Amino acid sequence: MKPYLKTTPTREGFFGEYGGAMLPPPLVPHFEEIAAAYDKLSKSAEYMNDLRYIRKHFQGRPTPISYLKNLSDMAGGAQIYAKREDLNHTGAHKLNHCMAEGLMAKYMGKTKLIAETGAGQHGVALATAAAYFGMECEIHMGEVDMAKEAPNVVRMKLLGATVVPVTFGAKTLKEAVDSAFGSYMEQADKALFGIGSVVGPHPFPMMVRDFQKVVGIEAREQFIEMTGELPDVVAACVGGGSNAMGLFSGFFDDEGVELFGVEPGGTSSKLGDHAATLTYGVDGDIHGFRTKMLVDDAGEPAPVNTLASGLDYPGVGPEHAHLQKTGRVNYTVADDKESLQAFYDLSRHEGIIPALESAHALAFALREAKNHMGKSILINLSGRGDKDIDFVAETYGFGE
Ligand SMILES: *Cc1c(COP(=O)(O)O)cnc(C)c1O
């Protein structure tokens, strides 16, 4: 059988019925340029060697796998392991695709990177890449988010990026996407758009997945080296879905390995209280691609809610919608409360403060451990929690 990753997407960027590229006509040639460049670079030994060098000497890859012995003992049942993407430079998996996008821009002769950011994590990662490659960087961010995520605004500015405040509409992520696309359209000759997850029009869901694949390739090898076996269960949190696609990529062809995507359940299953797109959403089009999404009565992207701002998106990567339909990946939710408890537990009992996003995957593992006696669960610890400590301590205290 053909390896799964070789079967998707189609040339037009479809994963089953999801994906594609619905673009304003002026952007079509630019996305075709990106797709052609990626096609060429993904087969270029020189590009791949440069990327390998960056990953090793700048990002600090490979990141290790840690056995969470204390939490495994406490949960009782499965042995729990974590792939440590929190140890990646800048503290999350996002640099895996941002450095690759920056390197692409360099090979394409571009001098500028443009993107939107919600919580600011993607903006910081892309600004890091721009600084490394000596490029200009323009990050669009809603004014509301800028106030909420002030430290990330400071980081981006220190890294040399221009942060463009978005002042229309709700002044959050959706408007920032519109603003960034508009600006990109005017300077696409010299700039590359850097999308922050496995979302957006083709070829981004495929490119970002491929750039994140390193997580799964490393993890599979490391897990076998550590335990002599494959993990029984592999799980990751899903916002747009890039850290999950990265880890899952190592295991698609291992039929015995169960894959779980963990969505943010927020405070309840009521629309507006969560951001669990695959669990509660419907088919639809958002930001230039077909996927599952959360919509309001008018059919517009619905408001979403979660403790973890990096999971705060009413759509999801099209490949996840496809993998849910084929049944290869199971999708489930972890709510705010159990994710917060997992955040405290990992901090206190393992000495690792996780990102609130990653705490969702851990919450799933802690909950499921009892149902997997004698088995192993590998989660993606997609990022560190430094960005979340003030919010958690001020809002919820120090846990018990
Ligand atoms: C942005 C972010 C996520 C969510 O993005 P995905 O594309 O769903 O992986 C998860 N964890 C951390 C630490 C993040 O910064």
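Reading the values: the criteria
- Residues numbered from 1 in each chain as written.
- Predicted model: local features only at pLDDT ≥ 70, side-chain atom pairs only at ≥ 80, totals over all residues.
- Heavy atoms only, no water.
- UniProt positions renumbered as here; feature names shortened; annotations may be inferred.
- Core = buried A, V, L, I, M, F, W, Y, C linked by side-chain atoms within 4.5 Å.
- Buried < 20%, exposed > 50% of the residue type's maximum accessible area, 1.4 Å probe, protein only.
- Contact = heavy atoms within 4.5 Å.
- Helix = DSSP H or I, 4+ residues; strand = E, 2+ residues; numbered from the N terminus.
- Pairing = 2+ DSSP bridges.
- Axes fitted to C-alpha atoms, helices over the stretch in contact; angles between N-to-C directions.
- Parallel < 35°, antiparallel > 145°, perpendicular 65-115°, else oblique.
- Left-handed = near helix turned anticlockwise from the far one by under 90°.
- Phe/Tyr/Trp six-rings, centres within 6.5 Å; stacked < 30°, edge-to-face > 60°.
- Domains from an automatic or database assignment.
- Buried area = accessible area lost by both parts, 1.4 Å probe.
- Salt bridge = Lys/Arg side-chain N within 4 Å of Asp/Glu carboxyl O.
- Nonpolar A, V, L, I, M, F, W, Y, C, P; charged D, E, K, R; others polar.

- An unreviewed UniProt entry annotates the chain as Tryptophan synthase beta chain of Profundibacter amoris.
- Quoted verbatim from the Function (unreviewed entry) field of UniProt, the annotation for the chain is "The beta subunit is responsible for the synthesis of L-tryptophan from indole and L-serine."
- The chain has a UniProt comment under Cofactor (unreviewed entry) that states "pyridoxal 5'-phosphate".

## With respect to the nonpolar core
Phase 1 of the analysis: Of all hydrophobic cores here, the largest spans 55 residues; its most connected members are Ile34, Tyr47, Met104, Leu113, Met156 and Tyr184.
Phase 2 of the analysis: If we ignore the near neighbours within four places in the chain, the residues touching Tyr184 are Leu27, His30, Phe31, Ile34, Ile114, Ala191, Leu192 and Phe193.

## Some remarks on the pairing of strand E12 (residues 289-293)
Phase 1 of the analysis: Across the 5 residues of E12, 4 count as buried, placing the element largely inside the fold.
Phase 2 of the analysis: As paired elements, strand E11 (residues 282-286) and E12 share 5 bridges and run antiparallel to each other. Opposite Asp283, over in E12, you have Lys292 as the bridge partner.
Phase 3 of the analysis: Hairpin connection between E11 and E12: a loop of 2 residues separates the two successive antiparallel strands, and His287 in this loop has a positive phi of roughly 45°.

## Observations concerning the packing of helix H3 (residues 45-59) against helix H5 (residues 94-107)
Phase 1 of the analysis: At their nearest, the axes of H3 and H5 sit 10 Å apart, and the two run at 135° to each other. As summarised for this structure, H3 and H5 are arranged oblique, according to the angle between their axes. H5 is crossed by H3, and the crossing has right-handed handedness. Facing H3, whose interface residues are Glu46, Tyr47, Asp50, Leu51, Ile54, Arg55, Phe58 and Gln59, H5 presents Leu95, Asn96, Met99, Ala100, Leu103, Met104 and Tyr107.

## Regarding the packing of aromatic side chains
Phase 1 of the analysis: Scanning all chains against the criterion turns up 15 aromatic pairs.
Phase 2 of the analysis: Relative to Tyr184, the ring of Phe31 lies with its centre 6.5 Å away and its plane at 85°, an arrangement referred to as edge-to-face. Placement of Phe31 in helix H2 (residues 28-41) and of Tyr184 in helix H9 (residues 173-187) is noted, with a sequence separation of 153 residues between them.
Phase 3 of the analysis: In this structure Tyr184 comes out as buried when scored by relative accessible area, which is 1%.
Phase 4 of the analysis: Considering the side-chain rings of Phe58 and Tyr132, the 4.6 Å spacing of their centres and the 45° angle between planes classify their relative orientation as tilted. Here Tyr132 lies in helix H6 (residues 121-133) and Phe58 lies in helix H3, a separation of 74 residues in the sequence.

## Let's talk about the domain arrangement of the chain
Interfaces are often described in size by the accessible area the parts lose on coming together.
Phase 1 of the analysis: According to the domain assignment, the chain contains domain 1 (28-56 + 94-204) and domain 2 (60-92 + 213-396).
Phase 2 of the analysis: Just the C-alpha atoms count here: the centres of domain 1 and domain 2 sit 23 Å apart.
Phase 3 of the analysis: The interface is formed by 19 residues belonging to domain 1 together with 25 residues belonging to domain 2.
Phase 4 of the analysis: When domain 1 packs against domain 2, the two sides together hide about 1,700 Å² of surface, and 61% of this comes from carbon and sulfur.
Phase 5 of the analysis: When the buried surface of domain 1 facing domain 2 is broken down by residue, Arg55, Asn96 and Val198 rank first, second and third, together holding 29% of it.
Phase 6 of the analysis: Between the two partners, domain 1 and domain 2, sit 0 salt bridges.
Phase 7 of the analysis: A per-element tally of the side of domain 1 that touches domain 2 places H5 first, with 4 residues.
Phase 8 of the analysis: Grouping the constituent residues of the side of domain 1 that touches domain 2 by class yields 7 nonpolar, 7 polar and 5 charged.

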